[in-house]
Amino acid sequence: MSGLFDRLRGRRSGAPAPADSADALEIFGVHKSYGKLTVLDGIDLRVRRGEVVAIIGPSGSGKSTLLRCINHLEKVDQGLILVGAEPIGYRLQGTRLHELSERDILRQRVKVGFVFQNFNLFPHLTVLQNVVEAPGSAQRRPREEVLDRARELLAAVGVADKADAYPRQLSGGQQQRVAIARALALEPEVLLFDEPTSALDPELVGEVLAVIRDLAAQGRTLVIVTHEIAFARETADRIVFMDQGVVVEEGPPAQVLDRPAQDRTRAFLQAVL
Ligand code: ADP
Ligand code: MG
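Residues numbered from 1 in each chain as written. Chains lettered and ligands numbered in written order. Predicted model: local features only at pLDDT ≥ 70, side-chain atom pairs only at ≥ 80, totals over all residues.

(A) Spatial organisation of helix 6 (residues 172–185). Taking 1.5 Å as the rise per residue, helix 6 with 14 residues should run 20 Å; its terminal C-alpha atoms sit 20 Å apart, in good agreement. Taken across its 14 residues, helix 6 has 13 buried, putting it largely inside the fold. (Helix = DSSP H or I, 4+ residues; strand = E, 2+ residues; numbered from the N terminus. Expected span 1.5 Å × (residues − 1). Buried ≥ 20, exposed ≤ 12 C-beta atoms within 10 Å, placed from the backbone.)

Structure (structure tokens):
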């Protein structure tokens with residue numbers, strides 16, 4: 001963690017951006033257990049601005065837990081996560097980290113967009129309302145502007161004509177595209193996807209992957225947990241293979257997928273490819 005506090009302090013005092021502020025997300029030595037079960041066993045990971053990282057790995061390896069920690073839906077036991085050089089869950093005061101209040105955590109969560117496996121749209125709200133009422137959208141922007149932006153985002157993901165429908169009236173693929181629009185509405189620094197297509201009928205997977213591919217092409221910072229290896233190969237700048245709470249190996253797709261250095265990676269790829 002050397003240099004960490006210097007960077008945090010530089011940020012706080014409004015000093016010029018440090019040389020490595022190109023990192024959108026930095027994860028230092030994160031541990032997380034549930035009772036006796038160690039789920040994250042020392043995760044270190046950096047994601048640069050505009051980078052697309054795909055996380056792959058067996059079920060139960062801690063992928064969802066890691067995403068939930070980045071979004072502060074779970075609290076880490078040890079280690080630190082920075083988004084845009086800000087410590088998640090903490091505020092730096094002098095050289096000490098102070099825990100954020102619930103309200104400040106909600107405010108901070110806006111920096112991280114989250115797209116869930118099961119869409120998690122509000123069933124009692126229309127599609128447009130779902131995007132406008134995105135959690136934490138205590139934005140001080142004029143209502144008209146928020147509505148315009150929501151309609152723009154719905155158009156961008158190809159569901160403009162569903163603005164007044166309710167989630168149950170949409171296909172799974174459409175619902176997931178709405179969920180992506182909702183995540184984008186908060187202009188997050190990083191967008192996290194947790195198996196965004198695994199709840200979809202096979203014929204609906206492509207339309208959601210196409211939207212994610214567009215976001216990648218726009219230069220957004222994306223972290224995608226996925227079992228779609230072909231998609232990861234073609235879209236991600238980097239593949240991270242996790243197993244049993246650790247990053248076993250990471251690198252460009254051609255390296256990790258075609259010439260894995262570790263036996264565990266090879267075994268996983270043989271099982272899924
Ligand atoms: P993955 O997403 O890679 O499949 P998860 O992060 O969901 O893995 O889960 C990792 C392990 O942590 C699993 O053994 C799971 O049962 C356990 N786990 C996840 N969340 C909880 C929780 N809230 N309480 C207890 N155990 C949990
Ligand atoms: Mg999972």
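(B) The arrangement of the sheet that holds strand 4 (residues 78–83) in detail. What the 4 strands build is an open sheet, ordered 2-1-4-5; its pairing is antiparallel. At either end of the open sheet lies a strand with only one pairing partner, and these are strand 2 (37–48) and strand 5 (86–87). Relative to strand 5, strand 4 runs antiparallel, the two being bridged by 2 bridges. If you follow Leu82 over to strand 5, its bridge partner there is Pro87. (Pairing = 2+ DSSP bridges.)

(C) Focus on the site of ligand 1. Looking at ligand 1, the residues that line it are Tyr34, Leu37, Val39, Gly57, Ser59, Gly60, Ser61, Gly62, Lys63, Ser64 and Thr65. When residues of the shell around ligand 1 are traced back to their parent elements, those giving at least two are strand 2 and helix 2 (63–70). If you tally residues by element for the shell around ligand 1, the top one is helix 2, at 3 residues. Residue composition of the shell around ligand 1, by class: 3 nonpolar, 7 polar and 1 charged. (Near = placed C-beta within 6 Å. Nonpolar A, V, L, I, M, F, W, Y, C, P; charged D, E, K, R; others polar.)

(D) Here's a closer look at the pairing of strand 3 (residues 52–56). Burial analysis of strand 3 places 5 of its 5 residues in the buried class, which makes it a mostly covered element. Alternating residues of strand 3 divide into Val52, Ala54 and Ile56 and Val53 and Ile55, and every residue in both groups is buried. The sheet contact formed by strand 3 and strand 10 (residues 222–225) spans 4 bridges and is parallel. If you follow Ile55 over to strand 10, its bridge partner there is Val225. Bridge analysis of strand 3 against strand 11 (residues 238–243) gives 4 bridges, and the strand direction is parallel. If you follow Ile55 over to strand 11, its bridge partner there is Val240.

(E) Spotlight on the sheet that holds strand 11. Strand order across the open sheet formed by 6 strands is 8-9-10-3-11-12, with mixed pairing between neighbours. A single partner strand is all that each edge strand has here, and the edge strands are strand 8 (112–115) and strand 12 (246–251). Along the sheet, successive strands turn relative to each other by an average axial angle of 20 degrees, direction set aside. In this sheet, strand 9 (residues 190–194) lies alongside strand 8 in parallel orientation, the contact comprising 4 bridges. By the bridge assignment, Val112 is partnered in strand 9 with Val190. Set on the sheet, helix 6 makes contact with strand 8 and strand 9; between it and strand 8 the angle comes to about 170 degrees. (Axes fitted to C-alpha atoms, helices over the stretch in contact; angles between N-to-C directions. Contact = placed C-beta atoms within 7 Å.)

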